[in-house]
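Close look at the chain arrangement
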2 protein chains.
Amino acid sequence: MLSVQPHALRRLDGSATILRCNRDQEIPYRPETAGHWCYLIAGAVRRSTIRPDGRRQILELMLPCDFFFVSDDQGGETVEAIVGPTVLASYPAERVDLLADRDRELARELRAIMSQSLRRTRDQLMVLGGVTAVEKVGWFLLTLEKRASDQKGQVELPITRYDIAEYLSVSVETVCRAITDLQQRGIIALVGTRKVKIMDRAALEERGGTKPQGGKLGLIAA
Amino acid sequence: MLSVQPHALRRLDGSATILRCNRDQEIPYRPETAGHWCYLIAGAVRRSTIRPDGRRQILELMLPCDFFFVSDDQGGETVEAIVGPTVLASYPAERVDLLADRDRELARELRAIMSQSLRRTRDQLMVLGGVTAVEKVGWFLLTLEKRASDQKGQVELPITRYDIAEYLSVSVETVCRAITDLQQRGIIALVGTRKVKIMDRAALEERGGTKPQGGKLGLIAA
DNA sequence: CGGCTGGTTGACGAATCTCAATTTCGGTGG
DNA sequence: CCACCGAAATTGAGATTCGTCAACCAGCCG
């Protein structure tokens, strides 16, 4: 995942296939490939897995301009579109590998992409780890604002409460209660059910604690 | 992190520096570098971060034969030895990058390493996510057995209960209680406090649910 | 209008955290 | 070799948070 399109990756454009997906539809792939890299153009995508107890855990959330890899054998993971029309560009892994073999810049950017994906996963891990439900939701809102700020201080929620719950590993009800709580304390304000205004960022960061470090793109910043 | 030393990485040996660390000592680095890759020879290493509430979260646990990256600017993360004498080989990032530019096989192996690190982090994330404390500990024991099996069905715990607690995001007391519980049900047996025999693997996997997928090394298995 | 999905709120119980006390283990010095 | 010390490990009791179950509201679409 990467929010800034690195320029070396542009050289892949020639081998791109445009995919359009509906809601809850798995990202398609051609069985003859070893997987493919995707660049998300519009919509939202989740990488998720099912727990033995039947609940779903969202492992990664992709938003427009993110770059990510989809293996054909996800080993229990599924990658699917979450919202209405989701559009993405797909690049066969073989071709990417071949290009990277000859293009050192591309190779480094691929490492940078994975590095950032790793960083985000670690951030998510830290949040799941311990903080309270309100803090989890607060962190989620801040993260989302950094990644997909509608306007400064305003976030359009691209996903349902259920998805948020599965992303943060809490029950839907708890997500609702947390949002309500933040609202009543004047830290956020809801516009409809899918748009959030951040009224008191400091409080949100303090409670959420974990200032999500959106992350510059270090060259191999693990 | 990688438990199998890929052979292309051997070509780095020329530029290796051997580091020896004591317990709780941060992995040293030279300020003039952009970071370094490390190959853990003996001991154990943790990558951790401090939560706003003061608690520490272990984000990654490195065991002998693991390969991992240490950035000089960890952005709040620290990487340090956990046990007595920890020995590792260090390779400056610049040199690795330069070599990877010319060595496609090395470049691919680097991607594979990061890919596995990502997979493990996702596994950990999933465990933190929802399961009960007993299941967390069970999963941890199984994972550890796969990565560092003393003998089959026997695990030497390289780290303290406190570290386990910080890795699994539960309190130390809860870790103890979980271990006691597993013992009383005959699923595991303790030999001293730092060695565990797995008596009933099936039960452990079932309860722990999440069968930790130690992970073969797919070439770019994201 | 009726059904359905998504969202919200309340009450209750279970699991975990916190605080506190106690025991075990390892090493260190006499 | 033994006594002693501190860190690690364990156990208990009470407080708190969160999940579950259940009811209810609000758009949306046929």
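On a predicted model such as this, the values are computed, not experimentally measured, just so you know.

By nearness alone, 18 residues border DNA strand D, and T132, A133 and T174 of chain A together with R161 and T180 of chain B come closest of all. Among all atoms of DNA strand D positioned within 4 Å of the protein, those belonging to sugar or phosphate total 59%. Between DNA strand D and the protein, one listed contact pairs a base nitrogen with a side-chain N or O atom of E173 of chain A at 3.0 Å. Note that a phosphate oxygen of DNA strand D is positioned 3.3 Å from one of the side-chain N or O atoms of R23 of chain B. Breaking the surface near DNA strand D down by element, the ones donating at least two residues are α5 (172–184) of chain A together with α4 (161–168) and α5 (172–184) of chain B. Counting residues per element, the surface near DNA strand D draws most heavily on α5 of chain B, at four residues. Across the surface near DNA strand D, the residue classes break down as five nonpolar, six polar and seven charged.

Residue and element names in this part refer to chain A. Under the domain assignment, chain A is made up of domain 1 (10–125) and domain 2 (129–204). Taking only C-alpha atoms, the centre of domain 1 and the centre of domain 2 are 25 Å apart. With 16 residues of domain 1 in contact, the opposing surface of domain 2 contributes 13 residues. Surface buried jointly by domain 1 and domain 2 totals about 1,300 Å² across both partners, of which 54% is contributed by carbon and sulfur atoms. Ranking the residues of domain 1 by area buried against domain 2 places I58, L61 and L63 at the top, with a combined share of 38%. Taken together, the links from domain 1 to domain 2 amount to three salt bridges. Among the salt bridges present, the one from E166 reaches R56, with a minimum N-O distance of 2.8 Å. Elements represented by at least two residues in the side of domain 1 that touches domain 2 include exactly β4 (56–62) and α2 (104–129).

Glancing now at the packing of aromatic side chains. What describes a pair of aromatic rings is the distance from one ring centre to the other and the angle between the planes of the rings. All told, the structure shown has 12 aromatic pairs over all chains when counted by the stated rule. Measuring from ring centre to ring centre gives 6.4 Å for W139 of chain B and Y167 of chain B, while their planes differ by 10°; the resulting arrangement is stacked. Taken together, the positions of W139 of chain B in helix α3 (residues 133–147) and Y167 of chain B in helix α4 put the pair 28 residues apart, joining distant regions of the chain. In this structure W139 of chain B comes out as buried when scored by relative accessible area, which is 3%. In this structure an aromatic cluster arises from ring pairing among W37, Y39, F67, F69 and Y91 of chain A.

On to the sheet that holds strand β4 (residues 56–62) of chain B, then. All names here are of chain B. Spatially, β4-β3-β6 is the arrangement adopted by the three strands of the open sheet, whose pairing is antiparallel. Taken across any chain shown, the strands that pair with only one partner, and hence form the sheet edges, are β4 and β6 (77–81). In this sheet, neighbouring strand axes are inclined to one another by 25° on average, regardless of whether the strands run parallel or antiparallel. The sheet contact formed by strand β3 (residues 45–50) and β6 spans five bridges and is antiparallel. The residue of β6 that forms the bridge with T49 is E77. Of the strands in this sheet, β3 and β4 touch α4, which is tilted by about 100° from β4.

All names here are of chain B. Burial along strand β5 (residues 67–70) is two-sided: the face carrying F67 and F69 and the face carrying F68 and V70 are both buried. In terms of strand pairing, strand β2 (residues 36–42) meets β5 through four bridges, oriented antiparallel. Bridge pairing links H36 to V70 in β5.

Our focus in this paragraph is the protein's contact with DNA strand C. If you check the shell around DNA strand C, you find 19 residues, and the closest are R161 and T180 of chain A together with T132, A133 and T174 of chain B. Among all atoms of DNA strand C positioned within 4 Å of the protein, those belonging to sugar or phosphate total 57%. Contacts to DNA strand C include R23 of chain A, whose side-chain N or O atom sits 3.3 Å from a phosphate oxygen. A distance of 3.2 Å separates a phosphate oxygen of DNA strand C from a polar atom in the side chain of S171 of chain B. Those elements that place two or more of their residues in the surface near DNA strand C are α4 (161–168) and α5 of chain A together with α5 of chain B. Ranked by residue count, the leading element in the surface near DNA strand C is α5 of chain A, at four residues.

We now examine the relation of the copies chain B and chain A. After a rotation of 179° and a shift along the axis of 0.0 Å, chain B superposes on chain A with an RMSD of 0.0 Å. On the angle and the small slide along the axis, the relation comes out as a two-fold axis. Same-surface contact between copies: 96% of interface residues of chain B are shared with the interface of chain A.

A separate point is the environment of D97 of chain B. Within the secondary structure, D97 of chain B is located in helix α1 (residues 93–102). Each C-alpha atom of the pair D97 of chain B and R30 of chain B lies 17 Å from the other, and the pair is 67 residues apart in sequence. Within the structure, the side chain of D97 of chain B is placed 2.7 Å from the side chain of R111 of chain A, a separation counted as a polar contact.

Two modes of strand pairing occur in sheets, parallel and antiparallel, and in both the strands are linked by backbone hydrogen bonds. Residue and element names in this part refer to chain A. Ordered in space as β8-β9-β11-β10, the four strands form an open sheet in which the pairing is antiparallel. Edge positions in the sheet fall to β8 (149–151) and β10 (188–191), since each has one partner strand and no second. Geometrically, the sheet is characterised by an average inter-axis angle of 35° between neighbouring strands, direction not taken into account. Relative to strand β9 (residues 154–156), β8 runs antiparallel, the two being bridged by two bridges. The partner of Q151 across the bridge, within β9, is Q154.

Rules used throughout
Residues numbered from 1 in each chain as written. Chains lettered and ligands numbered in written order. Predicted model: local features only at pLDDT ≥ 70, side-chain atom pairs only at ≥ 80, totals over all residues. Heavy atoms only, no water. Near = heavy atom within 4 Å. Polar contact = N/O pair within 3.5 Å; in protein donor to acceptor, adjacent residues only side chain to side chain. Helix = DSSP H or I, 4+ residues; strand = E, 2+ residues; numbered from the N terminus. Nonpolar A, V, L, I, M, F, W, Y, C, P; charged D, E, K, R; others polar. Domains from an automatic or database assignment. Contact = heavy atoms within 4.5 Å. Buried area = accessible area lost by both parts, 1.4 Å probe. Salt bridge = Lys/Arg side-chain N within 4 Å of Asp/Glu carboxyl O. Phe/Tyr/Trp six-rings, centres within 6.5 Å; stacked < 30°, edge-to-face > 60°. Buried < 20%, exposed > 50% of the residue type's maximum accessible area, 1.4 Å probe, protein only. Pairing = 2+ DSSP bridges. Axes fitted to C-alpha atoms, helices over the stretch in contact; angles between N-to-C directions. Least-squares fit on C-alpha atoms with pLDDT ≥ 70 in both.

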